[in-house]
Each structure stands twice: as structure tokens, then as C-alpha cells.
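Architecture at a glance
Each chain is listed here by its residues.
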Amino acid sequence: MTEREPEKPEEVAEAWAALVAAARRTVADGLVVGTSGNVSVRVGGLVLVTPSGVPYDRLGPADLVAVDPADGRQVAGRLRPTSELPMHLAVYRHTGATAVVHTHAVHATAVSTLVPELPPVHYMTAALGGTVRVAPYATYGSQELADNMLHALRDRTGVLLQNHGTLTYGDTLDQAYDRTAQLEWMCRLWLTAAAVPGHTPSLLSPAQLAEAGERLRGYGQRG
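Thresholds, definitions, all that
Residues numbered from 1 in each chain as written. Predicted model: local features only at pLDDT ≥ 70, side-chain atom pairs only at ≥ 80, totals over all residues. Heavy atoms only, no water. Helix = DSSP H or I, 4+ residues; strand = E, 2+ residues; numbered from the N terminus. Rg over C-alpha atoms; globule rule 2.2 N^0.38 Å. Buried < 20%, exposed > 50% of the residue type's maximum accessible area, 1.4 Å probe, protein only. Contact = heavy atoms within 4.5 Å. Areas by Shrake-Rupley, 256 points an atom, 1.4 Å probe, with all protein chains shown as cover. Lys, Arg positive; Asp, Glu negative; His and termini not counted. Charge placed at Lys NZ, Arg CZ, Asp CG, Glu CD. Axes fitted to C-alpha atoms, helices over the stretch in contact; angles between N-to-C directions. Parallel < 35°, antiparallel > 145°, perpendicular 65-115°, else oblique. Left-handed = near helix turned anticlockwise from the far one by under 90°. Nonpolar A, V, L, I, M, F, W, Y, C, P; charged D, E, K, R; others polar. Pairing = 2+ DSSP bridges. Expected span 1.5 Å × (residues − 1). Arc of directions from axis to C-beta. Core = buried A, V, L, I, M, F, W, Y, C linked by side-chain atoms within 4.5 Å.

1. Considerations on the overall build of the protein
- What the protein contains, in helices and strands, is six helices and eight strands.
- Start at the N end of the protein and walk to the C end: the helices and strands fall as α-β-β-β-β-α-β-α-β-α-β-β-α-α.
- For a compact globule of 223 residues, the expected C-alpha radius of gyration is about 17 Å, and the protein comes in at 18 Å, within 12% of that figure.
- Over its C-alpha atoms, taken along the principal directions, the protein stretches across nearly 60 × 40 × 30 Å.
- When the 223 residues of the protein are sorted by exposure, 50% land in the buried category.
- Residue pairs in contact within the protein that sit at least 24 positions apart in sequence constitute 64% of those at least 6 positions apart.
- Per element, the accessible surface of the protein, about 11,200 Å² overall, is 51% carbon and sulfur.
- In the protein, 18 positive and 22 negative side-chain charges are present, and the distance between their average locations comes to 3 Å.

See below:
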């Protein structure tokens with residue numbers, strides 16, 4: 001353990017187990033193929049992240065990978081971090097994120113090739129902070145991609161990456177993953193509606209999205 005890690009090693013182990021479970025879920029839910037996509041979570045002074053090019057079903061406790069969020073320096077693990085580390089670190093440095101999920105979801109990726117932003121076809125658009133923008137294409141793993149992503153992500157919790165995929169973040173892994181799933185579902189909805197000949201999907205107004213956003217803030221169980 002390094003001085004940057006939390007005092008309790010079990011916190012890191014639990015976070016890694018949850019990260020691996022989330023990564024495996026992206027495959028099971030069809031959001032990624034093979035080793036594409038990646039997941040990370042912040043624990044104290046560490047960012048835990050999936051390794052590069054390793055099938056998620058092969059990951060175990062001994063495969064933990066951790067980096068310093070300030071400079072990206074690897075501080076734990078024998079495997080190399082994901083090639084998309086610049087995107088993950090950009091999110092942590094500029095938002096209050098605790099978890100980040102990046103996928104190559106097929107419907108969302110398709111939308112990223114068609115429009116500059118996902119039309120607001122459903123009120124769950126408000127759950128992502130507003131109409132989801134498309135970040136201009138750049139080579140995967142590059143700082144240019146991270147910069148493009150961060151610009152399109154401003155005031156949002158999700159973004160489409162042109163000809164590439166999606167990225168969402170949240171206060172927890174569950175929240176980040178749910179936003180990924182919701183974004184893919186809305187992209188599928190828009191593609192389905194837009195494909196009907198002779199019809200144009202109705203879209204929600206800014207006022208309707210604002211009202212939905214207010215209601216969503218109080219959604220769910222409260223202790």
C-alpha cells in the first residue's frame with residue numbers, strides 16, 4: 001500500500017470487486033464487445049481502472065490497477081491501465097465524479113455518426129443534465145480525444161464520442177452505469193422513431209426538460 005491509498009485496504013479491495021463486476025456487466029448487457037470500453041472508480045487518493053486488453057472475466061483481486069489521479073502515474077498493479085486513461089483522468093480532474101464508465105454501445109455509437117447531439121426524445125435526457133452532445137472524433141487514447149470529450153461534457157454527466165462510443169460519470173458506479181444504460185436506450189429510441197418513413201419524432205422543449213429534471217431530483221426512496 002502507498003501513502004496515497006485509503007487507510008483501510010479492504011476499501012480498495014471492495015471497490016476493485018465492484019469495478020470488475022460493472023465491467024463484466026457492460027459485456028453481459030451488450031454495451032461492449034471483447035475488451036473494448038473501460039471502467040474506473042475513485043477511492044480516496046487513488047483511481048482504480050480496468051487494465052488494457054484483458055477480458056473482464058479473467059480479472060481477479062490480484063489484477064488491481066491503480067493510478068495517481070494528479071499525474072496518471074501507476075501506483076499499483078502489474079497490468080497496464082486502459083489506453084483511455086486520459087479521458088478518465090480528465091473527468092476526475094474537472095468534475096466531482098467518483099466513477100466513470102466508457103462503452104462502445106452500438107446504438108449510441110450509431111447516433112454519434114449522424115447528429116451533433118442526441119435529440120431530446122425522452123425526459124430522461126434531464127437525468128444527464130440536458131441534451132447529450134457529440135464530441136468530435138479523435139484517435140482513441142489521445143489527449144485530443146480527452147479534450148474533445150471534456151468540452152462536450154460540460155454541464156452534463158454523459159457524452160457521445162463521434163464514431164467511438166459513450167462516456168458517463170456519477171457519484172457511484174451504479175449511478176454511472178445507469179446513466180450509460182439510459183443513454184444507450186435513448187439512442188435506440190431515437191433511431192427507432194426516426195426510421196419510420198414519413199414521420200419525424202416529437203422532441204421535448206427546454207421547459208419540459210427542466211420540469212422533468214426537477215422531478216427527477218426527488219425521485220426514488222429517501223431515508
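2. Notes on the packing of helix H2 (residues 85-94) against helix H4 (residues 143-153)
- Where H2 contacts H4, the axes come no closer than 8 Å and their chain directions differ by 40°. Taken as axis vectors, H2 and H4 run oblique relative to one another. The two elements H2 and H4 meet at a crossing, and its hand is right-handed. Where H2 abuts H4, its residues Pro-86, Met-87, Ala-90, Val-91 and His-94 lie against Gln-143, Leu-145, Ala-146, Met-149, Leu-150 and Leu-153.
- For the contact of H2 with H4, a count of residues per class yields nine nonpolar, two polar and no charged.

3. Describing the pairing of strand E1 (residues 38-43)
- Of all the six residues making up E1, five are buried; the element is thus mostly covered by neighbouring parts of the structure.
- The pairing of E1 with strand E5 (residues 99-103) spans four bridges and is classified as antiparallel. Note that in E5 the partner of Asn-38 across the bridge is His-102.
- As paired elements, E1 and strand E2 (residues 46-49) share four bridges and run antiparallel to each other. Among the inter-strand pairings, Ser-40 is bridged to a residue of E2, identified as Val-49.

4. Notes on the sheet that holds E2
- Strand order in the open sheet formed by eight strands is E4-E3-E2-E1-E5-E8-E7-E6, with mixed pairing between adjacent strands. Only two strands of the sheet have a single partner each, and these edge strands are strand E4 (74-76) and strand E6 (134-135).
- Two elements, E6 and strand E7 (residues 158-161), share two bridges in a ladder whose sense is parallel. Considered in E7, the bridge of Ala-135 is made with Leu-161.
- Strand contacts of H4: E6, E7 and strand E8 (165-170), with the helix running at about 135° to E7, the strand carrying the most contacts.

5. Observations regarding helix H6 (residues 206-217)
- Between its first and last C-alpha atoms H6 spans 17 Å; for 12 residues at 1.5 Å apiece the expected length is 16 Å, and the two agree.
- When we look at burial in H6, the residues that qualify are Leu-209, Ala-212 and Gly-213. Looking straight down H6, one finds its buried side chains confined to an arc of 105°; they lie on one side. Across H6 from its buried face, at more than 90 degrees, point the exposed residues Ala-207, Glu-214 and Arg-215.

6. Looking at the nonpolar core
- Core analysis: the largest hydrophobic core is formed by 47 residues, its most contacted members being Val-41, Leu-48, Val-91, Met-149, Val-159 and Leu-167.
- Not counting residues within four places of it along the chain, the set of residues in contact with Leu-167 comprises Met-87, Val-91, Val-100, Val-101, His-102, Met-149, Leu-153, Thr-157, Gly-158 and Val-159.
- In terms of nonpolar packing, the next biggest core, distinct from the first, is built from 17 residues, Val-111, Met-124, Val-134 and Tyr-177 among them.

7. A few points about unusual backbone geometry
- Its identity as a non-glycine residue notwithstanding, Asp-155 has a phi of 60°, on the positive side.
- Tracing the chain through its elements places Asp-155 in the loop between H4 and E7.
- Judged by its relative accessible area of 66%, Asp-155 is exposed.
- The phi dihedral of Asn-163 falls on the positive side, at around 55°, and the residue is not glycine.
- Positionally, Asn-163 belongs in the loop between E7 and E8.

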